[in-house]
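# Observations on the model geometry
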Amino acid sequence: MFHVKQFPISVPENCLLCDNKDVIKHHELHDYFLTREPFSIYRCPACDLMFTWPRPATHELPAYYKSKEYISHSNKKSDLQSRIYQLIRNYTLRQKIRLIRKFSAGKRILDIGCATGEFLNQCKKQGYTTTGVEPDEQARGYASGVHGLDVADTDGLNSMSASTFDVITLWHVLEHVGDLNERMEQICRLLKPEGYAFIALPNPRSYDASYYGKYWAAWDVPRHLFHFNRSSIKFLAGKHRFDIADIRPMLFDSYYISLLSEKYMNHSLCFVRATYRGFISNFMAGMGNNEYSSLIYILRKPGAKIKAADAT
């Protein structure tokens, strides 16, 4: 059983992105996935970033991922939820590659937080030269051993040559990163002048986030250290000399996030409820504000040319 750590009572002194000292408590909630420990979400009114507080020490964070149910590092297919996840994942992998091709004709790709390498394996089959980065040793071993991928730990980013990659992807990874500014500088350094970064993130302004409140599974504290919306991503991108080329939805995320949220609330008929809420979330976003459950932010270096296909 996981030992519940007793964090000292404290409040953040400043925003971890823009250093503004006027931060506001947004939510009080728990780690409903694993430990039941209490955490808070704070919001910075200057850059609109939200972040988890308190933050576990760097050496403590890996323990919060050590669960056989943490599906991003699992390829099990033994239960219905996992089988559905695998089917949807295989479809979305192909969709991700199609999206990348709309923006970049380049074939050198780096996936940061590649987990077990399913996305990079699909890229390799499509003729890409692939490189992965993954902090989890077990997942990294699976990606290299089973798929034959070139995968380094996170420290490997510092030894990679500048202007190497046409595309860098972070699929639900940036929210886990301890130092946003350092990671964005690494991405900027490693991308070619005409390169693109594809960053997928949960969206706290979605309908499902509003409906589930503190039980919204995509808060995922403390594994998710940061919580982004369009405003905070615009600030982050501008600070590190990126333009936002486009923002695209991830339509299936609303269903999966709703399913986990229903379980956290101990509701019966979770699958039915989640299917309904996921549909409503996508419907509400499609009818007006485009605030889908998860969004892909497509960043480009200034001066990068958009392919003609983008205009269609």
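Residues numbered from 1 in each chain as written. Predicted model: local features only at pLDDT ≥ 70, side-chain atom pairs only at ≥ 80, totals over all residues. Heavy atoms only, no water.

The name an unreviewed UniProt entry gives the protein chain is Ubiquinone biosynthesis O-methyltransferase, with bioreactor metagenome as the organism.

## Observations concerning helix H3 (residues 137-147)
We count it as follows: Accessible area is worked out with a 1.4 Å probe on protein chains only. A residue is then buried under 20% of its type maximum, exposed over 50%, and partly exposed in between. Secondary structure is summarised from DSSP: a helix means a run of H or I of at least four residues, a strand means a run of E of at least two, and numbering begins at the N terminus for each. Taking the helix axis as origin, the arc is that swept by the directions to the C-beta atoms. The contact criterion used is simple: two residues touch if any of their non-hydrogen atoms lie within 4.5 Å.
Where H3 is concerned, the buried positions are Ala139, Arg140, Ala143 and His147. The arc that holds the buried residues of H3, viewed along the axis, is 105°, so those residues lie on one side. Away from the buried face of H3 by more than 90 degrees, exposed residues Glu137, Gln138, Gly145 and Val146 are located. In this structure, the buried side of H3 is in contact with helix H2 (118-125) and strand E6 (151-152).

## Focus: the packing of aromatic side chains
Keep this limit in mind: Ring pairs shown here join Phe, Tyr and Trp side chains whose ring centres sit within 6.5 Å, with only the six-membered ring taken for Trp; geometry is labelled stacked below 30 degrees between planes, edge-to-face above 60, and tilted in between. Any Lys NZ or Arg CZ that is within 6 Å of a ring centre and within 35 degrees of that ring's normal is treated as a charge sitting over the ring.
Taken as a whole and assessed by the stated rule, the structure comprises 12 aromatic pairs. For the pair Phe103 and Phe198, a centre-to-centre distance of 6.1 Å together with 80° between the ring planes defines the contact as edge-to-face. Within this pair, whereas Phe103 is found in helix H1 (residues 80-103), its partner Phe198 is found in strand E8 (residues 191-202), the two being separated by 95 residues in sequence. You can call Phe198 buried: its relative accessible area is 0%. Through a chain of ring-to-ring contacts, three or more aromatic side chains come together here, namely Tyr32, Tyr215 and Tyr264. Lying over the aromatic face of Tyr128, Lys107 brings its terminal NZ or CZ to 4.2 Å of the ring centre. Positioned above the aromatic ring of Tyr211 is the side chain of Arg277, whose terminal nitrogen or guanidinium carbon lies 3.8 Å from the ring centre.

## Some points on the pairing of strand E3 (residues 50-53)
A regular strand places its side chains on the two faces of the sheet in alternate fashion. The following threshold applies: Two strands are counted as paired when DSSP detects at least two bridges linking them.
Covered by surrounding structure in E3 are Met50 and Thr52 together with Phe51 and Trp53, the residues of both alternating faces. With four bridges joining them, strand E2 (residues 38-43) and E3 adopt antiparallel strand pairing. Opposite Tyr42, over in E3, you have Phe51 as the bridge partner. Where E2 folds back on E3, the antiparallel hairpin that results is connected by six residues, among which Asp48 adopts a positive phi of roughly 75°.

## Structural notes on empty space enclosed by the protein
In plain terms, the rule: Each cavity reported here is a set of points on a 1 Å grid over the protein atoms alone in which a 1.4 Å probe fits but cannot get out, each pocket an open set with protein on both sides within 12 Å along at least five of seven lines, and each lining residue one with an atom within 4 Å of a point. Grid points are joined across faces, edges and corners, and a volume is the space filled by probe spheres set on the points. Three residue categories are used. Nonpolar comprises Ala, Val, Leu, Ile, Met, Phe, Trp, Tyr, Cys and Pro, charged comprises Asp, Glu, Lys and Arg, and polar comprises the others, including Gly.
A complete count under the given rule lists two cavities of 30 Å³ or more for this structure. For the lining of the largest cavity, the class distribution of residues is eight nonpolar, one polar and four charged. Taken together, Glu175, Leu201, Pro202, Pro204, Trp216, Ala218, His224, Phe226, His227 and Phe228 make up the full set of residues lining the second largest cavity. Mapped by element, the contributors of at least two residues to the lining of the second largest cavity are E8 and strand E9 (226-227). Residues belonging to the lining of the second largest cavity are distributed by class as follows: seven nonpolar, two polar and one charged.

## Considerations on the sheet that holds strand E5 (residues 129-133)
The strand order across the open sheet built from seven strands is E6-E5-E4-E7-E8-E11-E10, with neighbouring strands paired in mixed fashion. Strand pairing shows two members of the sheet lacking a second neighbour, E6 and strand E10 (243-249), which therefore form its edges.

## Focus: the state of the cysteines
Keep this limit in mind: For the purposes of this analysis, a disulfide is any pair of cysteine sulfur atoms at a distance within 2.5 Å.
Under the definition given, this model contains zero disulfides. With no disulfide partner, Cys47 has as its closest neighbouring cysteine sulfur the one in Cys15, 3.6 Å distant. Accessibility expressed as a relative area gives 2% for Cys47, which makes it buried.

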